[in-house]
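Overview (structure and organization)
Given next are the chains, with one letter for each unit.
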Amino acid sequence: MWNQLKTILLFGVLTALLVGIGGAVRPDLVGIFVALAAVMNLGAYFFSDKLVLAMYRARPIDEAAAPELHATVRQLARAADIPMPRLYVVPGAQPNAFATGRNPRHGAVAVTEGIVELLDHRELRGVLAHEIAHIKNRDVLIATVAAIVASAITTVANVLSFGTMFGHHADQDDDSGGGLLGGLLMLVVAPLAATLIQLAISRSRELAADETGARVSGDPDALASALAKLHGAARTIPPDHVEPATANLFIVHPFGALDHVTSWLSTHPPVEERIRRLRSMRTNRRSIGNYGAGWLTAR
């Protein structure tokens, strides 16, 4: 619940920042920036899944070719009370996975060729539950919109800052010095704040997906074990054709992870923290809830 509330708060700040930087420099253009935010949100809502799958050359996985994988995803989707997502495979040796889709009816889960080779069935099931949790929580839409709004803030800040610095008339008085300073602050502070908020949103959604996925599967230890393996592989196997702007979609950071000191600059929480949280759920079965009770009692 806290991760959900934190995301709402951060998203509100991010949107307010986009509108606010326009209003601070050009109050007469506030309506334009509100409309800009609305148009970008709608575009992300309808086209994010197709763009991401095409970007990574994802191929549909036929049920006849992978019946066990389809059966596992179908069972997890039923436990999460969402429609069966489409399944895709992404070429590449690095083991990883991501989910996309603007809502559960348009959900899709993509796994790399490497993850199928590395993980056993139980661990892969934990990863699939994590990705299904992203679809259930509509995290892909949240992450896509956050990225687009943050990018817009950076673009608008650059335009308005340069306009403030170089757009003064010769007859302006000493206030031009303040405008220059304000433009420089806008150029630096607004994009930095937007980026930090975007990263905080991404981290909060990963933690929420870990928790929801563990409840859906009823087996938090499996996801914890998978995260440890994937984290180690990401440090040694380079990603194929991964765009840094979409690194937040993957279950582990495809370019490796930052340490605890600088983890606030990462799209993902430290893997050690994620594993600790999952193992604490295992010691307290009540935190898992009713989703995966059958899996736990069967073990």
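Just above sits the structure.
Bear in mind that the values here come from a model prediction, so they are computed numbers and not experimental data.

Counting residues in hydrophobic clusters, the biggest one holds 37 residues, and the most contacted among them are I115, V127, L128 and L227. In contact with L128, not counting residues within four places along its chain, are L69, T72, V73, L76, V109 and V111. L53, Y88, V90 and F98 belong to the second-largest nonpolar core, a separate cluster that totals 12 residues.

This next bit is on the pattern of salt bridges. Considering all chains together, one arrives at 11 salt bridges under this definition. Ionic pairing is found between E113 and R59, a salt bridge with its closest N-O pair at 3.7 Å. One end of the pair, E113, is in helix α4 (residues 113-118); the other, R59, is in strand β1 (residues 59-60), with 54 residues separating them in the sequence. One salt bridge connects D221 with R279, and the closest N-O pair in it is separated by 3.2 Å. Placement of the pair is D221 in helix α8 (residues 220-236) and R279 in helix α9 (residues 271-283), with a sequence separation of 58 residues. Judged by its relative accessible area of 39%, R279 falls in the partly exposed class.

Here helix α5 (residues 121-136) spans 22 Å end to end across 16 residues, near enough to the 22 Å set by a 1.5 Å rise per residue. Where α5 begins, one side-chain oxygen reaches toward the backbone nitrogen of R122, 3.2 Å away; that side chain belongs to D120. Looking at the residues trailing α5, positive phi occurs at R138, about 60 degrees.

Calculation criteria
- Residues numbered from 1 in each chain as written.
- Predicted model: local features only at pLDDT ≥ 70, side-chain atom pairs only at ≥ 80, totals over all residues.
- Heavy atoms only, no water.
- Core = buried A, V, L, I, M, F, W, Y, C linked by side-chain atoms within 4.5 Å.
- Buried < 20%, exposed > 50% of the residue type's maximum accessible area, 1.4 Å probe, protein only.
- Contact = heavy atoms within 4.5 Å.
- Salt bridge = Lys/Arg side-chain N within 4 Å of Asp/Glu carboxyl O.
- Helix = DSSP H or I, 4+ residues; strand = E, 2+ residues; numbered from the N terminus.
- Expected span 1.5 Å × (residues − 1).
- Polar contact = N/O pair within 3.5 Å; in protein donor to acceptor, adjacent residues only side chain to side chain.

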